[in-house]
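One letter stands for each residue in the lines below.
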Amino acid sequence: MAEPIDSVLLVFNPGSTGDADVLAEALRDELAEARPELPVRLRPTEYAGHAREIAREAASGPGRPLIVSASGDGGYNEVVNGIMDVPGTGAAAAVLAAGNANDHDRVTSRRPLAEAVLDGRTEPMDLLELHRGDDPPHYAHSYIGFGLTPVVALQIEKGGKGTLREIVTTVRSFWAFTPFEVEFAAGDRRRIDNLVFANIGEMAKVAELSETSRPDDGRFEVILLEHRPKWRQLAIAVRAAVRGLGRQPATREFGFTTCGPMPVQIDGELSDVAAGTAVRVRCAAGALHVVR
């Protein structure tokens, strides 16, 4: 168990549709009333990527700050990566759910955030470490998805979020989807519909990926769905939503090479991988300290 936190920094996007500013101010007021001696600051972001810069700056300073992201999974990912930019930092992280899916908070939180912050003690949590060729690693707190997962997410971003619109977009993307080809070893090429690396057992609000996944066990689950007819894909999606996919294989490291350009979704945020890129995902065990 790490030493207790000694300050709190609340990072939020003032233009968020999830009332991040209101939630951050409410948490600040609650903490100030309960622990007036605990320094608590609000820090709004001003542009994309700013949360990472703010977290990096705070993690580079003295003491043991708790950096709270009032956001969804994507905003929290920025804060996590900002902390990971500073090796050996005493900073810890937490998320105040203020986004669309909030998978990480829903799965990992044990109590109200104010209670966890006032307790002050932190604990280690694993991260997924993504390597794309020679690029610097990028970290994920919850999941990394290739194939159908980011394709659907990309179309939802274009079509707009909201329950009915998301459902319509998901169905359209599903029927239009074509598989991607990847190479797992020399000569071992396969067409895949979906490849998800999961540090938590649920994603996209309703899908249960694995019944055994934990964010602090030193491993991650691999959900690999090779190409199959659309009706079989649909059956798997329904099973994930209704009763879960059950036990999935877990590992500490997984690698493959892209045969063509592929989209990737990292904690809800979209990126891409060029053709011929060596991709490696490893478990960074206990890399991040959190309160939850």
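On a predicted model such as this, the values are computed, not experimentally measured, just so you know.

1. What about the pairing of strand β12 (residues 220-226)?
With six bridges joining them, strand β9 (residues 188-198) and β12 adopt antiparallel strand pairing. Residue F197 lies in a different strand from β12, and its bridge partner there is V222. Strand direction decides the pairing type here: β12 and strand β13 (residues 250-251), joined by two bridges, are antiparallel. The residue bridging E221 from the neighbouring strand is A250, located in β13.

2. So, the environment of I266
Within the secondary structure layout, I266 lies in strand β15 (residues 262-266). I266 gets classed as buried once you look at its relative accessible area, which sits at 5%. For the pair I266 and Y139, spaced 127 residues apart in the sequence, the C-alpha separation amounts to 8.3 Å.

3. Concerning the layout of surface pockets
Counted as a void, the second largest pocket has a volume near 160 Å³. In this structure, the second largest pocket is lined by 16 residues; those nearest its centre are V95, D105, S109, V291 and R292. Going through the elements one at a time, β4 (92-97) and α4 (103-108) are the ones with two or more residues in the lining of the second largest pocket. The leading source of residues in the lining of the second largest pocket is β4, at five residues.

4. Observations concerning the pattern of salt bridges
All chains considered together, the criterion is met by 17 salt bridges. Ionic pairing is found between D85 and R56, a salt bridge with its closest N-O pair at 3.0 Å. Of this pair, D85 sits in the loop between α3 (73-84) and β4 while R56 sits in helix α2 (residues 50-60), and the two are 29 residues apart along the sequence. Relative accessible area serves as the criterion here: at 32%, R56 is assigned to the partly exposed category. Residues R110 and E123 are paired through a salt bridge, measuring 2.8 Å at the closest nitrogen-oxygen approach. Pair noted here: R110 is in the loop between α4 and α5 (113-119) and E123 is in strand β5 (residues 123-132), with a separation of 13 residues, a long-range link.

5. Focus: the nonpolar core
Counting 23 residues, the largest nonpolar core has I67, Y76, I83, L127 and L288 as the members making the most contacts within it. Elements with a minimum of two residues in this core: β1 (7-12), α2, α3, β4, β5 and β17 (278-290). Counting 22 residues, the second largest nonpolar core, distinct from the first, contains F180, V182, L195 and F256.

6. A word on the packing of α2 against α3
The contact between α2 and α3 brings their axes to 7 Å, and the two run at 35 degrees. Seen along the crossing, α2 lies across α3 with a hand that is right-handed. The residues of α3 that touch α2, namely those facing H50, A51, R52, A55, R56 and A59, are E78, V79, N81, G82 and I83. Class assignment for the residues of the contact of α2 with α3 results in five nonpolar, three polar and three charged.

7. What to know about α3
In this model, α3 (12 residues) spans 16 Å end to end at C-alpha, consistent with the 16 Å of a helix rising 1.5 Å per residue. Here α3 lies mainly inside the structure; 10 of its 12 residues are buried. Of the residues making up α3, those classed as buried are D73, G74, Y76, N77, V79, V80, N81, G82, I83 and M84.

Cut-offs and rules
Residues numbered from 1 in each chain as written. Predicted model: local features only at pLDDT ≥ 70, side-chain atom pairs only at ≥ 80, totals over all residues. Heavy atoms only, no water. Pairing = 2+ DSSP bridges. Helix = DSSP H or I, 4+ residues; strand = E, 2+ residues; numbered from the N terminus. Buried < 20%, exposed > 50% of the residue type's maximum accessible area, 1.4 Å probe, protein only. 1 Å grid on protein atoms, 1.4 Å probe; cavity = no way out; pocket = protein on both sides within 12 Å on 5 of 7 lines; lining within 4 Å. Points joined across faces, edges and corners; volume = space filled by probe spheres on them. Salt bridge = Lys/Arg side-chain N within 4 Å of Asp/Glu carboxyl O. Core = buried A, V, L, I, M, F, W, Y, C linked by side-chain atoms within 4.5 Å. Axes fitted to C-alpha atoms, helices over the stretch in contact; angles between N-to-C directions. Left-handed = near helix turned anticlockwise from the far one by under 90°. Contact = heavy atoms within 4.5 Å. Nonpolar A, V, L, I, M, F, W, Y, C, P; charged D, E, K, R; others polar. Expected span 1.5 Å × (residues − 1).

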